[in-house]
Every structure is written in C-alpha cells, then in structure tokens.
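# Understanding the architecture of this molecule
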Amino acid sequence: MPSNKTTTQRRRYAFATAHLASNMLAFNHHCQTALAFTLRRSSSSSPAAAFLVHHNSIKNSRHITASAASSRLFSSVTTEQELAKTISDDGSTYKLKPRPTPTHDSQYDLTNLSNGIQGSYDPTLFESQLYQWWEQAGCFEPDAKQSAATSSTNGKEPYVLPMPPPNVTGRLHMGHAIFVALQDVLARFHRMRGRPVLWTPGTDHAGIATQLQVEKALMVEGKRRATEEEIANASSDEERSKLVPREEFLERVWQYKEEQGGAITSQLRSLGASADWTRERFTMDPALSVGVSEAFVRLHEKGLVYRGTYMVNWSPGLMTAVSDLEVEYSEEEGKLYYFKYVVEDEEEEGKATEEFLAVATTRPETIFGDTAVCVNPEDERYSHLIGKRVLVPMSDIGDGKARSIPIIADEYVDMEFGTGALKITPGHDPNDYELGKKYNLEIMNVMNKDATMNEKCGENYVGLDRFEAREKLWSDMEGAGLVIKAEPHMQRVPRSQRGGEIIEPLVSKQWFVKTEGMGAKALAAVKDGDITIVPNRFEKVWYGWLTDIRDWCISRQLWWGHRIPVWYVAGSEEEYIVARNAEEAKEKAIEAGHPADVALRQEDDVLDTWFSSGLWPFATVGWPQDEGKDASSDLARFYPGTCLETGYDILFFWVARMVMLGIELTDVSPFKVIYLHGLVRAADGSKMSKTKGNVVDPLDTVSEYGADSLRYSLVTGVTPGQDIPLNMDKIAANKAFANKLWNCCKFVTGNALKDIDEEELKSLGVSGPIDKVEFDTLPLPERYIISKCHELVESVTEDIEKYQLGAAGSKIYEFLWDQYADWYIEISKTRLYEGFGGGGEDAKTARRVLVYILDTSMRLLHPYMPYVTEQLWHHLPRVPKTEEMAAHSLMLADWPQMDDARLVQDKDAIASFECFQALTRSIRNARSEYNVEQGKKIAATIVAPGELKDMIEAEINSLIMLAKLDPDQVAVVEAGSVEANAAAEGDSAQLVVQEGVEAYLPMAGLVDVEKEKQRLEKQSAKLAKEIEKLAGRLQSKGFVDKAPPAVVDKAKAELAELEDQASKVDASLKALG
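Description of the structure in this document. Every chain is numbered on its own, with residues counted from 1 as its sequence reads. This being a predicted model, a pLDDT of at least 70 is required before a residue's local features are given, and a value of 80 or more before pairs of side-chain atoms are given or counted; all residues contribute to the totals for chains, interfaces and linings. To obtain the side-chain values, all non-hydrogen atoms of the structure were included, while hydrogens and water were left out.

### Some points on the overall build of the protein chain
The cut-off we apply is this: Only DSSP runs of H or I covering at least 4 residues are called helices, and only runs of E covering at least 2 are called strands; the numbering of each starts at the N terminus. Buried residues are those whose accessible area, probed at 1.4 Å on protein chains only, stays under 20% of the maximum for their type, while exposed residues exceed 50% and partly exposed ones sit between those limits. Throughout, a residue-residue contact means that at least one pair of heavy atoms, one from each residue, lies within 4.5 Å. Shrake-Rupley sampling with a 1.4 Å probe provides the accessible areas, and residues are treated as covered by the protein chains on show and by no other component.
Each helix and strand counted, the protein chain has 42 helices and 31 strands in total. The buried share of the protein chain, taken over its 1073 residues, is 55%. Within the protein chain, residue pairs in contact and separated by at least 24 positions form 78% of the contacts whose partners lie at least 6 positions apart. Carbon together with sulfur atoms contributes 49% to the accessible area of the protein chain, which is approximately 46,500 Å² in total.

### Digging into the packing of helix α32 (residues 805-832) against helix α33 (residues 840-861)
In plain terms, the rule: Lines fitted to C-alpha atoms define the axes, with helix axes restricted to the stretch in contact, and inter-axis angles between N-to-C directions lie between 0 and 180 degrees. Oblique is the label for any angle not covered by the other classes, which are roughly parallel (under 35 degrees), roughly antiparallel (over 145) and roughly perpendicular (65 to 115). Each helix crossing is assigned a hand: it is left-handed if the near helix lies turned anticlockwise from the far helix by less than a right angle, otherwise right-handed if that turn is clockwise.
Running from amino to carboxyl end, α32 crosses α33 at an angle of 165°, the nearest separation of the two axes being 10 Å. What the angle tells us is that α32 and α33 run roughly antiparallel. Between α32 and α33 lies a crossing whose hand is left-handed. Along its contact with α32, which presents Ile812, Phe815, Leu816, Tyr820, Tyr824, Ile825, Ser828, Arg831 and Leu832, the element α33 presents Asp842, Ala843, Thr845, Ala846, Arg847, Val849, Leu850, Ile853, Leu854, Ser857, Leu860 and Leu861.

### Side note on the pairing of strand β9 (residues 327-344)
Quick note on the threshold: For two strands to be treated as a pair, DSSP must find no fewer than two bridges joining them.
Looking at chain direction, β9 and strand β15 (residues 483-496) are connected through 13 bridges and run antiparallel. In the strand pairing of β15, Lys335 is matched with Pro488.

### A few points about the sheet that holds strand β25 (residues 673-677)
A sheet is described by the order of its strands in space; here three strands give the open sequence β17-β25-β24, paired in parallel fashion. Two strands bound the open sheet, and with one partner strand each, they are β17 (532-534) and β24 (643-647). When strand polarity is set aside, the average angle formed by the axes of neighbouring strands in this sheet is 20°. In this sheet, β25 lies alongside β24 in parallel orientation, the contact comprising five bridges. Within the sheet, the bridge partner assigned to Thr646 lies in β25 and is Leu676.

### Notes on the sheet that holds strand β20 (residues 566-569)
In space, the three strands of this open sheet follow the order β21-β20-β22, with antiparallel pairing throughout. The open sheet has two edge strands, β21 (576-578) and β22 (600-602), and neither has a second partner. Averaged over neighbouring strand pairs, the angle between their axes works out to 30° when direction is ignored. Packed on one face of the sheet, helix α21 (residues 582-591) meets β20, β21 and β22 and runs near 125° to β21.

### What to know about the packing of aromatic side chains
Which entries qualify depends on this criterion: The rule is short: rings of Phe, Tyr and Trp, with Trp giving its six-membered ring, pair when the centres are within 6.5 Å, and they are stacked under 30 degrees, edge-to-face over 60, tilted in between. Lysine NZ or arginine CZ positioned within 6 Å of the ring centre and within 35 degrees of the ring normal marks a charge as sitting over the ring.
Enumeration over the complete set of coordinates arrives at 36 aromatic pairs. For the ring pair Tyr712 and Tyr813, a centre distance of 6.3 Å and an interplane angle of 20° mean the geometry is stacked. Here Tyr813 lies in helix α32 and Tyr712 lies in helix α27 (residues 707-715), a separation of 101 residues in the sequence. On the accessibility criterion, Tyr813 (25% relative accessible area) is partly exposed. What links up through ring pairs into an aromatic cluster is the set Tyr712, Phe737, Tyr813, Trp817 and Tyr864. Cation over ring: Lys257 sits above Phe282, and NZ or CZ is 4.4 Å from the ring centre. The aromatic ring of Trp823 is capped on one face by Arg924, whose charged end is 5.5 Å from the ring centroid.

### So, the pattern of salt bridges
As a reminder, the rule being used: For this analysis, a salt bridge means a side-chain nitrogen from Lys or Arg found within 4 Å of a carboxyl oxygen belonging to Asp or Glu.
Under the criterion given, the structure shown has 59 salt bridges. With its nearest N and O atoms 4.0 Å apart, the salt bridge here joins Asp822 to Lys740. On the criterion of sequence distance, the pair formed by Asp822 in helix α32 and Lys740 in helix α28 (residues 728-752) is long-range, its members being 82 residues apart. Given the relative accessible area of 27%, Lys740 is considered partly exposed. Among the charged side chains, a salt-bridge network with shared partners connects Glu294, Arg298, Glu301, Arg580, Glu584, Lys588 and Glu627.

### Some thoughts on the nonpolar core
The cut-off we apply is this: Among buried residues, those of type Ala, Val, Leu, Ile, Met, Phe, Trp, Tyr and Cys that are joined through side-chain atoms within 4.5 Å constitute a nonpolar core.
Of all hydrophobic cores here, the largest spans 155 residues; its most connected members are Tyr820, Tyr864, Ile923 and Leu959. For Ile923, the residues in contact, after removing those within four places along its chain, are Ile938, Ile942, Leu959, Ala963, Leu965, Leu991 and Leu1001. Counting 60 residues, the second largest nonpolar core, distinct from the first, contains Val526, Ile554, Phe638 and Phe652.

### Comments concerning α27
α27 sits mainly inside the fold: nine of its nine residues count as buried. Among all positions of α27, only Ala707, Asp708, Ser709, Leu710, Arg711, Tyr712, Ser713, Leu714 and Val715 are buried.

### Observations concerning the pairing of β24
Heads up, the condition is: By convention a crossover is right-handed if, when the strands point away from the viewer, the path from the first strand over the helix to the second runs clockwise.
Buried residues dominate β24, accounting for five of its five residues. As a crossover connection, the stretch from β24 through helix α25 (residues 651-666) into β25 is right-handed.

### Observations concerning the side chain of Asp605
Worth spelling out the cut-off: Asp and Glu count as negative and Lys and Arg as positive, but His and the ends of the chain are not part of the count.
Relative to the helices and strands, Asp605 is located in the loop between β22 and β23 (606-607). The side chain of Asp605 sits in the buried core without any salt bridge; Lys449 is the nearest counter-charge, 6.5 Å away. In contact with Asp605, not counting residues within four places along its chain, are Gln510, Ser555, Arg556, Gln557, Arg563 and Ile564.

### Considerations on the side chain of Arg403
What counts, and what does not: For this analysis, a polar contact is any N or O atom pair within 3.5 Å, provided that within protein one partner can donate a hydrogen and the other can accept it, and provided that sequence-adjacent residues contribute only side-chain to side-chain pairs.
Topologically, Arg403 is positioned in strand β13 (residues 401-409). Glu442 is the oppositely charged side chain nearest to the buried, salt-bridge-free Arg403, at an N-O distance of 5.2 Å. Polar contacts involving the side chain of Arg403 include one to the main-chain carbonyl oxygen of Asp370, which spans 2.9 Å. Beyond its immediate chain neighbours, meaning those up to four positions away, Arg403 contacts Ile367, Phe368, Gly369, Asp370, Thr371, Val390, Leu391, Val392, Ser395, Ile397 and Met444.

### So, the environment of Gly706
Along the polypeptide, Gly706 turns up in the loop between α26 (698-705) and α27. We classify Gly706 as buried; its relative accessible area is 0%. For Gly706 and Met865, which are 159 residues apart along the polypeptide, the C-alpha to C-alpha distance reads 9.8 Å. Setting aside its immediate chain neighbours within four residues, Gly706 contacts Pro123, Glu127 and Thr701.

### Overview of the environment of Gly519
Relative to the helices and strands, Gly519 is located in helix α19 (residues 516-527). Looking at Gly519, the relative accessible area reads 0%, which means it is buried. Residues Gly519 and Leu385 lie 134 residues apart in sequence; the distance between their C-alpha atoms is 43 Å. Not counting residues within four places of it along the chain, the set of residues in contact with Gly519 comprises Leu546 and Met660.

### Thoughts on a negative patch on the surface
Here is the rule: In this analysis, a patch consists of residues with relative accessible area above 30% that form no salt bridge, clustered at 9 Å for like charges and at 5 Å for the nonpolar side chains Val, Leu, Ile, Met, Phe, Trp and Tyr. Charge coordinates come from a single atom per side chain, which is NZ of Lys, CZ of Arg, CG of Asp or CD of Glu.
Taken together, the side chains of Asp908, Glu947, Asp950 and Glu974 make up a negatively charged region of the molecular surface. By relative accessible area, Glu947 is classed as exposed at 71%.

### Focus: helix α31 (residues 780-801)
Worth spelling out the cut-off: To estimate how far a helix should extend, the number of its residues minus one is multiplied by 1.5 Å.
For α31, built from 22 residues, the straight-helix expectation of 32 Å at 1.5 Å per residue is met to within 8% by its first-to-last C-alpha distance of 31 Å. Extensive coverage of α31 is indicated by the burial of 18 of its 22 residues. Downstream of α31 by one or two residues, Tyr803 has phi in the positive range, about 65°.

### So, unusual backbone geometry
In this chain, Val534 is followed by Pro535 through a cis amide linkage whose omega measures 0°. Along the polypeptide, Pro535 turns up in the loop between β17 and α20 (538-547). Put simply, Tyr639 and Pro640 share a cis peptide bond, and its omega is 5°. Counting through the fold element by element, Pro640 comes out in the loop between α24 (634-638) and β24. Notably, Met319 is not glycine yet its phi reads approximately 60°, a positive angle. As for its position among the elements, Met319 is in the loop between β7 (305-315) and β8 (320-322). Exposure remark for Met319: the relative accessible area of 32% places this residue in the partly exposed category.

So far we have only geometry, and geometry alone does not tell us how the molecule works.
Structure representation (structure tokens):
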C-alpha cells in the first residue's frame, strides 16, 4: 500500500486526471492531441489548469444550441458556464457559478409599486419578471437574508435541502412539480425564519435514458455503436462506416446533452423554485466525477467493492444490466407449455426410456439451459423418480444421445402449479439461480447479450432470437413427440422501463457493493432516531428492505456515465488495479512489481447512475475536495443536510443508497429528515398515462392558471406519503383564490390607503407582531381578527416545522377567504367611510389592522404562492430592508413568528365576535328563507344580556351593513327587559342565536302578507296536482308490476319529495294566518 503522503498527493491531483483518464468526456482525436499538448505545457502542480486551457481550445468544437423549450420560459445559465463551472485551479475546492448578469429591472419592487395594481389577476404578466429579479439579486443564496455571521450570532443553523436531480435531458412532469412545490415551501419558510437555506439544484446524467436517445438517433442514420474489435472485424468499408466507436459516440451524447440539457432547469425555475443556481451541479461535472472515483476507491479499500458473478436484470435492447427500478412488470397473456422430460435409461447414458416427467414452462427457449428438474419431496406422484435423471429435449450430444440432468427434491416447488414438476434453469431465472447454488448445479448461459441463442443451443438454434428459438424449438419438440399441450396463461412479464423489451435474467460478471453492513448502519440510523422518516409508517418498509438487502450491482454495460476506475494489467481479465486515475493506476502497478511500460486497460463498464447520485448530498457541497477544511467551507457548513424530500417510490433505489454511502464515506447520516410525498395521479385516482390521455402537463397548467395555482393545488389537501389526485377544478378554484387575494390588496391599497399622508403610510409598515399594549386598545372586531390571525400564525408555523405542509396551507386559505375577506374587510368599511359612520381615528385603526393582517397573511402564504404574494406585497407599506438583505423582497422578510414566543390573543374577544357572526348569519338566513328582496332593509330587535348587549351596540353599524337592517328600526335591548318581552309577543320571526341572544324580525317587514299568501296558494295548488298525478300512477297495478324496479323507486322518491314541499308550503300559509 502507498504511504499516507502519497495517497494525499494522489487525492489532491485527482480532479483533472480522473476526469480525463476515465473518459468522462468524449474527446475526439483532435481533442486528445490538443489535450496532450496543453498538459505538456502546463505545470505539473496544476493539471486542472491544463484542462481549462484545453477546454477553451475545444469549446467551439461542440454544437451549442438553445433549447426551444427552455427559451420560452426562463433564461438559464449558458452551456459554457456549465462546462467550466465548478472547479478551482488546483481542483481542491468548488467555485460557485457567477450570478446571472442583471438583464431586467434591479429595482423591480419599486417599479412594480409605481405601476400600481392593474386590472385583474393575470400571472403571465409578472411571474417570469419576478423570478429573474429574485435570481439576479441573489435571493436564493444561503446568506441572502443576512450574513453568515449574523445567522451564527442569532443561533440560526443552516437548513439544507438536496434537490433530487432530474434527468439532464428530461422534460418537466408532475413528479417534478410536486417536489418543487413541497421543497420550495420548506426553503422559503425556513429562509424567512432566518435560517441560511441551501437548496442544492442539479441534474443527473441519466445513463440509460440519455444513451438510449442517442442510440435511437443513430438507428435513424443506419448506424450503431460498436467496440474496437467489432470495427476491426467489419467485413467491408461500407459496414465499417455504419459503426460508431466509443469516443465518437460519447461526443454525440455530449452534443445531445448540450442541445437538450437546459430545458429542465428552466422549467423548474418556471415553478418558482428558489434553489441556489450558483451551486447547480451535474453528476458528470469534473468535481463530482472526482467524488465518484474517490468513493469507489475508498469502498474498495474497505473491502466493500468486489467483482463477481451473479444474476442480473439484463436489457437486450440496451445491452446492459439494469437495476430493479428500471424493470416494470405487466400482466400479459402468454402460454404455458407442457412437455415431456423423458427419464434416462439407467443402464445406458443418454438413452431414453418410455417413462417421462410432465413439465410446464412459460419460456421453452430456456430448456437449453436446464440443469435439473425439481419436485416437491412430499409429492407422491414423483417420489420414485427422485435421484434419477432425465434427458434435455433437442440436446444432441452425439451418437444419438442427449444431455441428462438430475431429478432433485425441494419444498420450494408448488405441487399445485402446472404439473408439480419444475425445470431448473439457474442461468436464466433468479429463483432457479438460488436453487442452483443450493444444490451446486451447473449454471449455463444459453443466450448472447442481444438475447440471441448461443452455441450451447446447437447449430439448429444458434443465432436465433430468443422468441424465434421458442417457436422453432416447440415445433421441433412437437415433431419429436415431446409436446403435451400449450394453453393460454396470464403471466407477470418484466420489461425494460426505458426500452420496453422483455428483460432477460442472466448470470454475468459484474461489479458489486457489499450492502449488508452498510444496510445495517442505515437501518440503525432510523431506528436510533438519527434520521426521521415522514410519514413514520414507511419506517416498517425501511426496516424490512434493509434487513433483507442484497449486494448492489453497480456496473452497467453502457458508454455514457462514470467509467469504473479499474485498470486491467497486461491484457489480464483477472489482475486489476483500483485507482483514482490512470496516473495513480500506473504508480500502483509499478509498486506491485510491473515494469514502467506496463500496459493498462481501463474497465469498459460505467457505474450505475444511482451510485453517483447516491453521493449527491455531500459531493454537491465539496466532498472530497473540502474534507478537513475550516467551518466556512460549504462541506463543513452545509453537510449533513437537513431534509431529503422525495417520492416514496424511490425510497430504496435512491434514498437508502444515499444513507448507506453517506454514513460509510462521511461517518454521519447525510440528512436528518426523509420527507416522502405520494404520486400525482389523475382526478379519478388512476395513474397518469399517455395511452389513457389523462396526463396533465405542468407547463400547460402554468400557462393557463399560473404557477401559484398549480403549486397550491399540489400541496394542500394532502398528507405526507399519500397519492395526490389532481383535479383541474381545484386548480381553477385556487386561481380564483389568488384573484380574491388580488382584489383584497386592491381594496386596501386603492381604497383604504387612498390619499393618506406619507407619515401615516410609512407608519403602517409591519416590523413585527402587534404587542399586547396596542392590542388591548383595539375594538372587538380588530381584536378578533388579530387573535385569529395570531392563532393561524402559530398553527401554520407548528405544522410546517412538523412537515404537515398540506394542513398548514389549507388553514391560510380558510382564514384569508372566510375571515379576512368575508368579515373584516366588510366591517372595516364602517370605520373607513363616513357614510357608514366611520372616519377619523376609527379609520386609522382600520387601516392599521387591514395592512397588518394582509401583510401577515401574505408572509404565511408566500411559501405556497410566492409569485402573487411577492407581486402584491410591494404595494403595501413596508419597513426598509436591512443592509444585509439581497433585495427588498417578501421572500427575505421576517416570518410572522421568528421564534417560539407566543403571539397576543384574546379568547373572550373570539367568543364574543363569534356570537356577532352567528347573529349576522341568522338574520341573513331568515332573509333568504322569507325571500326578502336583496336590496330591502328590514327591522330587527336584538335581545342580549350584559356585555354581549354592549358589544352588539358598539358594532351596530357593522350589523346594519352586514345584515341589511333599517337603521331607524333597529334596537338592541337587555334580555328579560320590558322591550325584550314586547318583541317576543309581537308578530315576528324569532331567531335563537345562542343562550340569551335572540333576534326578532317583524313579519310585516319581511314579507307582504297578502302577496305572499297568493304566491304560496298558487304553489300549493300546483303541488297538489302533481301529487295527485304521481300518486295515481303509483296506484296503477299495471305500472307497478311492469315498470323496472328502479323506475318505480324513483317515482316513489319523487312523490315523497313533492309531499314534503307541500307540507312546508301549508305550514307557511298557516303561519301567515
């Protein structure tokens, strides 16, 4: 082993050499020559600088085009920035991307204010401009609200959200929209509460998905990728011209990535994602590539990485092993094939007897790979055959003999399925593979990597596609008298998620990570409380999977991805060196005794995409480059993360691997909370599918309804881990809610604040919660609305801190619509306008409370609906921004409850005003029941005891306005008084509000008695005729006996409804006298 000093030096220089020698970028012949030249001219102490010099020489060799999908929404960083982005000259630390140069109004908030609130709510007029202002001002960066020093002084620890990296060439779908909506709520909430928030964005190279797209493009051109050997063995120049070597292929992939790769990040921006784009990462960035190599080497040094033979999911179309995640199962109709396994003559090897074993299979082509037939030891039908041998059909081994295999017994066999005898094919079935290992059976692979049959199947079948071989073999077996029958059979078919072809289980030599010990550490992290899973019902699933975990196959037979940092020595397939780069590999080879000119060949396979993305929480903040550096480094400051929010469907495939790798490589759990959301489904709960035509495009939705309406619809009304049915009516309703907020703000700024002096306007800026001293001076409705608002603040804060985001968002909606808009704004008019008895100090009080409640509500709503709240907040009176704030933005304003201190509330005021609300509703309901004309004002006597009477009298103007009472015919009297008794004895409608509180509405004021009598008598006569007609029909034996029961039942229900209406009309007539 090398010395520690040598290892440290190797790690220091790992950046450039790992990136180059591992072929992370595809360099054509010209690029390689230029690279060698620049490396020779560069100082040996700065290989990264050589790379950057070289990069400038080749950047124009790539075709860099803008994605149409990106440009139509939001501008992103340039490709040149992306390619050269993250590494310092010596490769030891990250550099942040430059913040985009301001291209729009840097004083957007002031321009917005000067323009006023125009027209009705139209998000298309301001969403993109707002986002550009936020990003260009640096609002998304961790220290945008306050400096790191101030945060530390205030005891505010960073809140870190690693964003699940979408495929770099992908397009936005609802799965992305839900994680943006949820994570942005968390980011904006904690940012406003004063914590330095780092939401790390980035993209994944998506090895299979991206390579598949380039493969398809080559197919259109009549070309395919090919190894050097295939190209060398091409039979003609024409055939050779159709073969694309590795380096050229990778150049094509990089070109495709550059052309298509900007769309997804621009689309994430369109949803309002407040991620720090100066820290955007790509899994194949040079710095992250260093991390991948470092992780592989360290795991190998710990004995956790090994090369072995194991059964994998093989994708014949992609020509690679794939993970379980990339396999989708579907119920499909196939056939169950019954055939004869003839028992071998015990006296003459390879010869048949008359006796046979009936066996059933769904895949006859795998018969060539059978190495046993298995029966249940309890199955009396076959007990006499156990230990004997049978002959494999169509397996001529010469001299008219067939290959024979043993009959074994194991309780695994289901006696009720098929014939109860099971063919065992350890090389092509995962269950058979386990039985094969248990009984030391031969493992035969009878297929090539493209799923054609190999030479072990015999000359009649070699080269045939597996399904062609199935048909031919079955036909040949039928001719040989070995077929019993074939019958339809529903079966669970594994298909490639990407290519769609049927997956073939194959035993293959691959690279693996030992996961038993790593899994135990990840399991303990949750069990011991180091990591919390929300919702906690997924803990049971977590424990179950990690308890029974299998080793992880990390090699992929692809070309796009991180090439495995392994070098084979002098043409050997068994002797290899694991190293961070080619230079280190050569050093290790020489140290092992090989000559200085030893030939090394790097492993062709690349690493599973989940391996590199498993390093995401720490590689994106400077691992391994910043290990051991001071507390100001990103790695020290922002790792471990706080919350990993993602879908429950990748709990194992990504989240568990991040936890295992994080603990193993950094000795700490990579985050404290795992928050799991459900899947976004169609309105009826079914899975969104293009074939069903029920896919909702988030970009189309944003275009029609705005990002806020979509975000709010995805987040509210759901609980963690539950699937989310997306109803377009809900999105439309939430757009109406945004419009309601728009109109509330228009009222406050255009009416309540109109023409007031600058001094008062300035004093209305909200600098913190209203305190008890001011609160106690306010009238009842103001104390009520502030109390309800403060209740809301505390409840929403607690909910979000506990990751109950849906419940919190719904409460804000209910308060703003039901309390602020429907009640307080209406009551405030009696304070603001002299025509309602307002003006003076009452108006000032109303303005103070209107602004305070609206400002506080918009702060609460901002994490959910950032665009409309920011746009409107600029129009409210605001306190000046601090010097440390990046912009005078709502997203950097203080949350209404910055710490755990209770906000002032008055339970008695709430109870009293709720009585006032109930009184108002009772009078409104009575008006409706008696069909009082909308504009007509009516008389009322209100009876109430003591303080409630005083409260109602104090708010009589509000009651008159809200209930549309005649101010000259309204009285509020003490319960039990002479006036109260007189009101009760009069011809009035009595309304009981609560104990001790009643309202009496004189009937003369409610209705014109004679006119109402005439209307009711006419209605009664009409109902009587309809009842008589329907009753006669139901009494007819012909109708009841002949009509369908459903029709009869419907008629009976209609009759009951008519009779109920008639009863109510008669009661009303009786009441009128």
